[in-house]
Amino acid sequence: MTTVEEARRQVAVANRILAREDVVDAYGHVSMRHPGDPGRFLLARSLSPALVTPADIMEFDLDCNPIDDDRRPYGERPIHGAAYQARPDVNAVVHNHSHAVIPFGVTDTPIRPLVHVGSGIGPEVPVWDIADNFGDTNMLVLTMEQGHDLAKCLGSGRVALMRGHGCVVVGPNLKEAVMVSIYLQVNAQLQIAAMRMGEVKYLSPEEERLYQEIQFSPLSMDRAWEYFEERADLGGI
Ligand code: MN
């Protein structure tokens, strides 16, 4: 079983990988359900992802209260806590503001897998609009009520876009949540490029399903993780 110490390092590494791939920048965060207590999750203190070390990882209960820690947490941690409450199958959550993904949350053009590695995002990606139930806000998910509303929109999927803000990506483990976040961005970039050129031929639902069996196999995941770790600046963590 993964120890808390190992989990803290994994979360720090995931932060560094997402920063290296420009999925997160000064903002964005990634969390993991506590390996020994499903009622808690691990998330860095308020810090840019490129700088996160294992020592920066805090513990929270699923209502996002810090456990014996008075360091400053991220304001948007309800994105994480609400997803863990709604989805017992979810063990990792990424929130990011990937620039390429934003256009699909503010237009009526849905993001859809058009490349095999984009399969993990699913055939229909919902868009959550904070204004629907909360009116004019600063766009941030700062309350559990807002987090629950976002989790409801996510449903049983892996991805929900957040209108004018970013997205949330969940997974059964940290590696899958990170991989889907990276390839959501790749798919968005390619879809924008392809749409300029003409009618886009997307993957069929069956093609998506079949490729996901490959994408999330241990062989594929281990190879990808090794690659992304090598590229990332782990800075001795
Ligand atoms: Mn945000």
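Preceding this section is the structure that the text describes.
Residues numbered from 1 in each chain as written. Predicted model: local features only at pLDDT ≥ 70, side-chain atom pairs only at ≥ 80, totals over all residues. Heavy atoms only, no water.

Looking now at the overall build of the protein chain. Within the protein chain, the secondary structure is distributed over eight helices and seven strands. The C-alpha atoms of the protein chain give a radius of gyration of 17 Å, which matches the 18 Å a tight globule of 237 residues would have. Seen through its principal axes, the protein chain has C-alpha atoms that stretch 55 × 45 × 30 Å. Looking at the 237 residues of the protein chain, the share that counts as buried comes to 50%. Look at the contacts in the protein chain between residues 6 or more apart in sequence, and 66% of them connect residues 24 or more apart. (Helix = DSSP H or I, 4+ residues; strand = E, 2+ residues; numbered from the N terminus. Rg over C-alpha atoms; globule rule 2.2 N^0.38 Å. Buried < 20%, exposed > 50% of the residue type's maximum accessible area, 1.4 Å probe, protein only. Contact = heavy atoms within 4.5 Å.)

For the rest of this paragraph, the subject is the coordination of the manganese ion. For the manganese ion, the full set of protein donor atoms is Glu76 (OE), His95 (NE2), His97 (NE2) and His165 (NE2), at a range of 2.1 Å. Donor residues for the manganese ion, ordered by position in the chain, follow E-x18-H-x1-H-x67-H. Taken as a pair, glutamate 76 in the loop between strand S3 (57-61) and helix H2 (78-86) and histidine 165 in the loop between strand S6 (159-162) and strand S7 (166-171) lie far apart in primary sequence, 89 residues in all. (Donors = N, O, S within 2.8 Å, 3.2 Å for Na, K, Ca; no water.)

Turning to helix H5 (residues 144-154), its buried residues number three or more, namely Met144, Gln146, Gly147, Asp149, Leu150, Ala151 and Leu154. Where H5 is buried, its residues contact H2, strand S5 (127-128), helix H4 (130-134), S6 and S7.

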